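Spelled out from the first residue to the last, the chains are:
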Amino acid sequence: MLDGMTTNAGESQTRPRRRAPAGAAVLRADVTEAIRAAVFAELASVGYARMSIEGIARRAGVGKTAVYRRWRSKLHLVLDVVSALAVQGLPAPDTGSLESDLRLLYEVTSRALRHPVASQVIPDLQAEAARNPDIAEAMQKALRDGQESVASSILAAAGQRGEIRPGLDRDLALDLISGPLYWRAVVIRSPKLPKGYLDALARGTAEALKAL
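Remember, predicted model here, so these are calculated numbers, not experimental data. (Residues numbered from 1 in each chain as written. Predicted model: local features only at pLDDT ≥ 70, side-chain atom pairs only at ≥ 80, totals over all residues. Heavy atoms only, no water.)

## Let's talk about the pattern of salt bridges
1) Next: All told, the structure shown has 11 salt bridges when counted by the stated rule.
2) Next: Measuring nitrogen to oxygen at the nearest pair gives 3.5 Å for the salt bridge that ties Glu-54 to Lys-64. With Glu-54 in helix 2 (residues 53-60) and Lys-64 in helix 3 (residues 64-68), this residue pair connects regions lying 10 residues apart in the sequence.
3) Next: Of the charged contacts, one joins Arg-111 and Glu-107 as a salt bridge, the two residues approaching to 2.8 Å between their closest N and O atoms. Within this pair, Arg-111 and its partner Glu-107 are both found in helix 5 (residues 98-114), separated by 4 residues, close to a single helical turn.
4) Next: By relative accessible area, Arg-111 is classed as exposed at 55%.
5) Next: Among the charged side chains, a network of salt bridges with common partners joins Arg-103, Glu-107, Arg-111 and Asp-199. (Salt bridge = Lys/Arg side-chain N within 4 Å of Asp/Glu carboxyl O. Helix = DSSP H or I, 4+ residues; strand = E, 2+ residues; numbered from the N terminus. Buried < 20%, exposed > 50% of the residue type's maximum accessible area, 1.4 Å probe, protein only.)

## Concerning the environment of Ala-138
1) Next: Within the secondary structure, Ala-138 is located in helix 7 (residues 133-160).
2) Next: Residue classification places Ala-138 among the buried positions, given a relative accessible area of 6%.
3) Next: As a C-alpha pair, Ala-138 and Val-78 span 60 residues in sequence and 9.1 Å in three-dimensional space.

## Considering the environment of Arg-144
1) Next: Relative to the helices and strands, Arg-144 resides in helix 7.
2) Next: For Arg-144 and Leu-174, which are 30 residues apart along the polypeptide, the C-alpha to C-alpha distance reads 9.6 Å.
3) Next: If we skip the residues at most four places from it in the chain, Arg-144 touches Met-139, Asp-171, Leu-174 and Asp-175. (Contact = heavy atoms within 4.5 Å.)

Structure follows, in structure tokens:
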């Protein structure tokens, strides 16, 4: 066999190349990203309950068929988009101290949570999560996993520097790090942080972690 040729009884025959099935859809990445962006915009504008494939397609500038080629329902589309948040992650701070790492993490997280789209989308999806276990699982993954990865890096660095004791309760430590901002931004939905809040939060959390 050589370069797609086979020899049979002294005669060369060209092996036919494999082709994609007729009519197979080629999913363009730019269209996929436009649809994902449209999902967030629609969620912020009308909420999950009133969101429709038609509205998403119209906002993305594509036909409904382009959406259905990628996701078979509104639920699967939203689950995919929300789950993708988990793998985006946040940059792991590396400032040289636990308190400074926490302060930087809180600054980045608070900006993200105060974004107009996030501030509307997250509470709406949490309401839907109370009725739909699939959305609940996706929300937990999106909101916790990315934050947990960064918080774990902060704890590992603090442990290497001797700022926290070995063997502390990791789950409790992660709750201490991640809980306060989500409580304020998502639960009580306070859009503006008091002056000096992030500094005090970083300082208090660092002291709490050292006391564990």
